[in-house]
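Listed here are the chains, written in short residue letters.
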Number of protein chains: 2
Amino acid sequence: MSEGVEWAVHCCLTLAWLGDERPVPAARLAAGYELPTAYLNKQLQALVRAGVLESVAGAKGGFRLARPLEKITLMDVVAAVEGPEDAFQCQEIRRRGMGAGAPEGRYRAPCAVSTAMRRAELAWRRALAAQTLAEIQAAAERQAPDLGRGVRRWYGQDG
Amino acid sequence: MSEGVEWAVHCCLTLAWLGDERPVPAARLAAGYELPTAYLNKQLQALVRAGVLESVAGAKGGFRLARPLEKITLMDVVAAVEGPEDAFQCQEIRRRGMGAGAPEGRYRAPCAVSTAMRRAELAWRRALAAQTLAEIQAAAERQAPDLGRGVRRWYGQDG
DNA sequence: GGCAACCTGGACGTGTAATATCCAGGTTGT
DNA sequence: ACAACCTGGATATTACACGTCCAGGTTGCC
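Residues numbered from 1 in each chain as written. Chains lettered and ligands numbered in written order. Predicted model: local features only at pLDDT ≥ 70, side-chain atom pairs only at ≥ 80, totals over all residues. Heavy atoms only, no water.

This brings us to the nonpolar core. Counting residues in each nonpolar core, the largest one holds 98 residues, and the members touching the most others are Leu133(A) and Leu133(B). What Leu133(B) contacts, discounting residues up to four positions off in sequence, is Val9(B), Cys12(B), Leu13(B), Leu69(B), Ile72(B), Leu74(B) and Val77(B). (Core = buried A, V, L, I, M, F, W, Y, C linked by side-chain atoms within 4.5 Å. Buried < 20%, exposed > 50% of the residue type's maximum accessible area, 1.4 Å probe, protein only. Contact = heavy atoms within 4.5 Å.)

See below:
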């Protein structure tokens with residue numbers, strides 16, 4: 001799993017703490033976690049394409065949340081950053097070697113191995129979709145109630 | 001996810017269909033799916049280290065199942081091939097940039113983002129552990145009841 | 001208008017892990 | 001003794017994640 005997921009979630013939380021009055025430039029978000037600006041920018045663009053963030057072009061531009069944290073699930077962020085493909089990719093090796101030259105239609109049904117793996121990934125996706133960023137933010141603030149204040153202070157008074 | 005998982009599961013099923021009277025050499029298993037022998041051998045060795053397979057050295061040696069398919073879960077195979085590490089690795093970026101110089105003990109509790117991701121991976125592992133290779137074999141035979149016979153025929157009469 | 005601050009998209013380098021091969025050594029059946 | 005087989009390490013090769021750079025377009029501000 002690429003580490004872009006961690007970057008993306010933390011950036012979403014930061015944007016939520018800062019409020020959406022004005023957009024935050026990628027360079028500023030990157031500085032907040034000491035991340036490479038250009039590369040973080042790519043992840044943010046992926047989040048925009050996925051409809052999680054909105055971008056504002058031009059001076060004083062940047063990124064903001066496209067909707068409140070309550071309506072963003074971990075699944076949304078993971079899908080945006082990692083892409084829609086399953087982690088397990090069936091190579092259909094059942095058709096090779098001893099499986100070659102099998103009668104027509106033997107392979108109409110999906111491979112049982114693939115089905116089993118897909119079932120597990122579905123459970124993973126369900127667990128991701130069941131958690132909103134708002135819940136994660138709440139958990140973080142339960143550990144450190146002044147996190148939001150700290151973020152706002154670091155980003156310069158209030159905004 | 002490495003494709004070694006698919007190789008490993010299919011090989012386990014093949015070993016089950018062939019019975020464990022005599023071990024099957026890696027080269028033979030590889031030929032059954034047109035896989036690179038030396039590389040498949042590495043995956044099989046990982047399965048041996050994990051206690052899923054047993055190996056027999058010397059001439060007429062090879063690999064056999066260490067226990068019946070009913071007692072091998074998908075989780076066993078995935079863990080053997082992929083290793084024990086979580087797919088999501090928390091880089092603790094919360095401590096960098098604006099998080100640097102935080103008061104002592106702020107980071108005693110694990111990152112809320114990491115916790116959420118771990119929860120989803122736990123669901124994945126549970127789903128993997130809930131499925132035995134015997135069930136997968138049964139599903140495969142439901143699609144093609146003569147699979148076992150076909151495998152035995154391809155591997156030479158009976159054995 | 002002109003300039004600087006931004007995002008967008010693509011091309012390009014880099015580094016690491018998955019993939020794959022090879023070999024030297026040990027074990028076992030014939 | 002020899003051939004078949006596993007074991008483990010060293011070594012390519014390849015794919016992809018990671019990261020940089022640049023040319024282009026948009027916007028705010030003087």
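Attention shifts here to the interface of chain A and chain B. Taken together, the contact between chain A and chain B spans 53 residues of the former and 53 residues of the latter. Summing both sides of the interface, chain A and chain B together bury roughly 4300 Å²; the carbon and sulfur share of this comes to 68%. Looking only at chain A, the three residues that lose the most surface to chain B are Glu6(A), Ile93(A) and Met98(A), adding up to 18% of its buried area. Counting the contacts that link chain A with chain B gives two salt bridges. (Buried area = accessible area lost by both parts, 1.4 Å probe. Salt bridge = Lys/Arg side-chain N within 4 Å of Asp/Glu carboxyl O.)

So, on to the protein's contact with DNA strand C. Near DNA strand C lie 24 residues; those nearest to it are Ala26(A), Lys42(A), Ser55(A), Pro36(B) and Gly58(B). Close to the protein, within 4 Å, the atoms of DNA strand C belong to sugar or phosphate groups at a rate of 64%. A distance of 2.4 Å is found between a phosphate oxygen of DNA strand C and a side-chain nitrogen or oxygen belonging to Ser55(A). At the level of secondary structure, the elements contributing two or more residues to the surface near DNA strand C comprise helix H3 (37-49), strand E1 (53-56) and strand E2 (62-65) of chain A together with helix H3 (37-49) of chain B. Among the elements that line the surface near DNA strand C, the one with the most residues is H3(A), at four residues. Partitioning the surface near DNA strand C into residue classes produces twelve nonpolar, eight polar and four charged. (Near = heavy atom within 4 Å. Polar contact = N/O pair within 3.5 Å; in protein donor to acceptor, adjacent residues only side chain to side chain. Helix = DSSP H or I, 4+ residues; strand = E, 2+ residues; numbered from the N terminus. Nonpolar A, V, L, I, M, F, W, Y, C, P; charged D, E, K, R; others polar.)

Now for the packing of helix H4 (residues 74-82) of chain A against helix H5 (residues 112-129) of chain A. All names here are of chain A. Interaxial distance between H4 and H5 falls to 6 Å at its minimum, and their mutual angle equals 120°. Comparing the axis directions of H4 and H5 gives the class oblique. Judged by residue contacts, Leu-74, Met-75 and Val-78 of H4 engage Trp-124, Arg-125, Leu-128 and Ala-129 from H5. Among the residues forming the contact of H4 with H5, the class breakdown is six nonpolar, no polar and one charged. (Axes fitted to C-alpha atoms, helices over the stretch in contact; angles between N-to-C directions. Parallel < 35°, antiparallel > 145°, perpendicular 65-115°, else oblique.)

On to the packing of aromatic side chains, then. Residues and elements named next belong to chain B. The full count for this structure, using the stated rule, is four aromatic pairs over all chains. Between the aromatic rings of Trp-7 and Tyr-39, the centroid separation amounts to 5.6 Å while the plane-to-plane angle is 85°, which identifies the pairing as edge-to-face. One end of the pair, Trp-7, is in helix H1 (residues 4-18); the other, Tyr-39, is in helix H3, with 32 residues separating them in the sequence. Ring plane angle 70° and centroid distance 5.0 Å describe the contact between Trp-154 and Tyr-155, whose orientation is recorded as edge-to-face. (Phe/Tyr/Trp six-rings, centres within 6.5 Å; stacked < 30°, edge-to-face > 60°.)

By relative accessible area, Trp7(A) is classed as buried at 4%. Separated by 33 residues in sequence, Trp7(A) and Leu40(A) place their C-alpha atoms 7.6 Å apart. Ignoring any residue separated from it by four or fewer positions in sequence, one finds Trp7(A) in contact with Leu35(A), Pro36(A), Tyr39(A), Leu40(A), Gln43(A) and Ile93(B).

Right, let's get into the pairing of E1(A). All names here are of chain A. Direction of pairing for E1 relative to E2: antiparallel, over a ladder of four bridges. Along E2, the bridge assignment pairs Glu-54 with Arg-64. Connecting E1 to the antiparallel partner E2 that follows it, the hairpin turn spans five residues, and Gly-58 within it adopts a positive phi of roughly 85°. (Pairing = 2+ DSSP bridges.)

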